[in-house]
Number of protein chains: 2
Amino acid sequence: METSEFNNSTINLGHGSGGIMTRDLLDKVIFSTFDNPLINQKHDGAIIKFETEIAVSTDSFVISPIFFKGGNIGELAVNGTVNDVAMCGAVPKYLSLAFIVEEGLEMKEFIKIVESVKEAADKSGVQIITGDTKVVERGKGDKIFINTTGFGAVHPKAKIATGNIKIGDKIIVNGNLAQHGMAIMSEREGLEFESTIESDTTNVNHLVLELLDAFGEKIHLFRDPTRGGMASVLSEIAVDIDMGVKLVENDLPIEKQVAAACEILGLDPLYVANEGVFISIVDESIADELLALMRKHPKGKNATCVGHITAEHPKKVVMKSGIGGARMVSPLIGEQLPRIC
Amino acid sequence: METSEFNNSTINLGHGSGGIMTRDLLDKVIFSTFDNPLINQKHDGAIIKFETEIAVSTDSFVISPIFFKGGNIGELAVNGTVNDVAMCGAVPKYLSLAFIVEEGLEMKEFIKIVESVKEAADKSGVQIITGDTKVVERGKGDKIFINTTGFGAVHPKAKIATGNIKIGDKIIVNGNLAQHGMAIMSEREGLEFESTIESDTTNVNHLVLELLDAFGEKIHLFRDPTRGGMASVLSEIAVDIDMGVKLVENDLPIEKQVAAACEILGLDPLYVANEGVFISIVDESIADELLALMRKHPKGKNATCVGHITAEHPKKVVMKSGIGGARMVSPLIGEQLPRIC
């Protein structure tokens, strides 16, 4: 990246004009960072080819603050979409990348975000193939919003669909809940703990690929509980499949400090947004084996079986609480934590 | 669309929460409007299949005002990306659709935009297959931003690449220049003319398909001169191909009122953003025939040959002016008209 000249500058409307300033920013920051044959066409589009079915997913990222403990909006925008594509039972390959920048953003910050996009893309094994940069006037945006759209090759053994879920299926999460949401929230509220709560934003596509290779169609669903948290995702699934979901509170993997932060802020971790976390709903027969495989992977070392699918209370999520009773888990209604992704 | 209950409401942060309010908005406005088997999966992603190479293009739309004479941001977001995919020599098939909405947007306006997206998608023959809706706090956005990413099947006869352009190639535009930019500008400045200047935002993919069917690899390049206008696009091409571009001012198709508006505002129409306009750079041997075919199509009836590729002045665009002289046409540097798309 030839960015020394940008060191003390900010983004201005000219960078979104489509003229020389835009081209200059693209050449020096974007094309030089993402250097690959597809993006190097420098056209408004890119040409790709898939032999398989293609999973497509799009997400806009509007998180505030844009830099947070454990990450920034750039890597989040890659990981979020990479994971959504993986959740379709696919191997993510390509991403498009579109920025809406507020005039006045420090060029240094913009460059840092672009570099994080590149690093996260490399880690996930995806290429940035086409993009767009728009600039809006000061006060008409909030520093930077990023849209990514991801494309992946559907795994030949994948059969991911709510329709395949059966009574008795086990629900497995790969890691601790509520970490991302509470990292952002603690940062916004200025909370301090013995050690810092860091966002666990990361890609899970390599782990997902291992699971698909090993268990194929025995995996009935992947889903990542981002906005709305576990409660909302499981409630949606319960309604879709017309069966019940039973959770066991004591089995939910929640880090002590995160639980403490939730308590201080009066938040239920089941509703807090996650990143780098996904649930697998799998055939009972392979649940233990899958759990064992997951725990060997760095992104699954805290994997836990948190519940199962039941014929009781169709369309409802019920949780056996720590002190023995059972309570209904409703989906989130309004907004608990705005702009968490 | 079951939207009566929304009639007097506005978008609020809960609509972006991922909880029940989000689901409600999606079910009643989005899924009911775009009803098709792919989006109906209601998953975070969609599965598609292409036998051919795929052209992919992404764009965020941040135009202000969001409603303007001749269109609104919804149809612009469809046409813009559909046309970018067509410019790759492809037949657009699918779009993803991502909204960033500012809290407080009138629900009526949101619904009107969604309906325009649907209408424009139908006219272009593309399906909306997956999407995302985020809401940001009042003052952190500007009513609504839309990202669309488009996918098209590359035409079997298409060979679109700057590398194919040769000395003598003709440059043909399908219609009048500067109309979209001046419609937005007149609206912002409150200018009034004998009749209204309307944006010509429209899809051109059906016309492009006819041209590819008829002339295949004799068409060397398509490009749509949106941000930065004709001057910027042709300057970029001249640099890329290391040849010269010669334009003839008297041949540029510009509507009288648009020319007048440009003069009043001190704008050069060559730099004004277009929509529904594209240039074709084609082999000399088919130029007349292509022009004739274009003029039979409603979206090409004002088609004109505006210049050619020359060995003189490599990397430069030179225009023979109306009064006989010649002037260099530089690319746009900073910003002439912010947020025109």
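Up top you'll find the structure we're talking about.
Quick look at the structure, then. Remember, it's a predicted structure, so these values are computed and weren't measured experimentally. (Residues numbered from 1 in each chain as written. Chains lettered and ligands numbered in written order. Predicted model: local features only at pLDDT ≥ 70, side-chain atom pairs only at ≥ 80, totals over all residues. Heavy atoms only, no water.)

**Observations regarding the overall build of chain A**
The criterion, for reference: Helix numbering and strand numbering both begin at the N terminus, where a helix is a DSSP run of H or I of at least 4 residues and a strand a DSSP run of E of at least 2. The atom set for the radius of gyration is the C-alpha atoms, and the globule formula is 2.2 Å times the number of residues raised to the power 0.38. Throughout, exposure labels follow a simple rule: accessible area from a 1.4 Å probe, protein chains only, divided by the maximum for the residue type, with under 20% read as buried, over 50% as exposed, and the rest as partly exposed. Residues are treated as being in contact if the distance between any of their heavy atoms lies within 4.5 Å. For every accessible area listed, the method is Shrake-Rupley and the probe measures 1.4 Å; residues are considered covered only by the protein chains on display.
A count of helical and extended segments in chain A gives eight helices and 14 strands. Computed over the C-alpha atoms, the radius of gyration of chain A is 21 Å, within 12% of the 20 Å expected from 2.2 N^0.38 for a compact globule of 341 residues. In terms of overall dimensions, chain A has a C-alpha envelope of 65 × 50 × 30 Å along the principal axes. Burial analysis of chain A (341 residues in total) assigns 61% to the buried set. Within chain A, residue pairs in contact and separated by at least 24 positions form 86% of the contacts whose partners lie at least 6 positions apart. Working note: accessible area of chain A is about 12,500 Å², and carbon and sulfur atoms make up 48% of it.

**With respect to the interface of chain B and chain A**
For an interface, size is often stated in terms of accessible area lost upon the parts coming together. Heads up, the rule is: Buried surface area refers to the total accessible area, computed with a probe of radius 1.4 Å, that the two partners give up upon joining, counted for both partners together. By convention in these notes, a salt bridge is any Lys or Arg side-chain nitrogen within 4 Å of a carboxyl oxygen on Asp or Glu. Residues adjacent in sequence count toward polar contacts only when both atoms are side-chain atoms; beyond that, a polar contact is any pair of N or O atoms within 3.5 Å, and within protein one must be able to donate a hydrogen and the other to accept it. The nonpolar class holds Ala, Val, Leu, Ile, Met, Phe, Trp, Tyr, Cys and Pro. Asp, Glu, Lys and Arg form the charged class, and all remaining residues, Gly among them, are polar.
Contacts between chain B and chain A engage 68 residues on the former and 68 residues on the latter. Each partner contributes to the roughly 5,600 Å² buried at the junction of chain B and chain A, and carbon and sulfur atoms together form 57% of this total. Summed over the shared surface of chain B and chain A, the result is eight salt bridges. Among the ionic pairs, Asp 59 of chain A bridges to Lys 134 of chain B, the shortest N-O distance being 3.1 Å. The tally of links between chain B and chain A comes to 31 residue pairs in polar contact (both at pLDDT 80 or more). If one sorts the elements of the side of chain B that touches chain A by residue count, strand β6 (residues 127-136) of chain B sits on top with eight residues. Looking at side-chain class alone, the side of chain B that touches chain A contains 28 nonpolar, 22 polar and 18 charged residues.

**A short note on helix α6 (residues 229-241) of chain B**
All names here are of chain B. Rules: What a helix is expected to span follows from its residue count: subtract one and scale by 1.5 Å.
Over its 13 residues, α6 extends 19 Å from the first C-alpha to the last, a length consistent with the 18 Å expected when each residue adds 1.5 Å. Across the 13 residues that make up α6, a large majority, ten, are buried. Where α6 terminates, the next one or two residues include Asp 242, which has phi positive at roughly 55°.

**Section: the environment of Asp 224 of chain B**
By the element assignment, Asp 224 of chain B lies in the loop between β9 (219-223) and α6. A relative accessible area of 6% places Asp 224 of chain B in the buried class. As for Asp 224 of chain B and Val 277 of chain B, which are separated by 53 residues in sequence, their C-alpha atoms are 6.1 Å apart. When sequence neighbours within four positions are dropped, the list of residues in contact with Asp 224 of chain B reads Asp 44 of chain A together with Asn 83, Asp 84, Met 87, Val 233, Val 277 and Phe 278 of chain B.

**Concerning the packing of helix α5 (residues 205-215) of chain B against helix α8 (residues 287-296) of chain B**
All names here are of chain B. The condition is simple: A fitted line through C-alpha atoms represents every axis, and for helices the fit uses only the stretch in contact; the resulting angles, taken between N-to-C directions, go from 0 to 180 degrees. Handedness of a crossing is defined here by the sense of rotation of the near helix relative to the far one, left-handed for an anticlockwise turn of less than a right angle and right-handed for a clockwise turn.
At a minimum axis separation of 11 Å, α5 and α8 run at an interaxial angle of 145°. When the axes of α5 and α8 are compared, the crossing they make is right-handed. Seen from α5, the contacting residues are Leu 207, Glu 210, Leu 211, Ala 214 and Phe 215; seen from α8, they are Glu 289, Leu 290, Leu 293 and Met 294. Residue composition of the contact of α5 with α8, grouped by class: seven nonpolar, no polar and two charged.

**Comments concerning the sheet that holds strand β9 (residues 219-223) of chain A**
Residues and elements named next belong to chain A. What counts here: Two strands qualify as a pair provided DSSP detects at least 2 bridges between them.
Across the sheet, seven strands lie side by side as β9-β11-β8-β12-β10-β13-β14; this open sheet has mixed pairing. Across the chains shown, the open sheet's two edge strands, defined by having one partner strand only, are β9 and β14 (326-329). Taken over all neighbouring pairs, the strand axes of this sheet differ in orientation by 25° on average, direction set aside. With four bridges joining them, strand β10 (residues 244-248) and strand β13 (residues 317-320) adopt parallel strand pairing. Note on β13: the bridge partner recorded for Leu 247 is Met 319. Helix α5 (residues 205-215) contacts β9 and β11 (279-282) of the sheet and is inclined by roughly 170° relative to β9.

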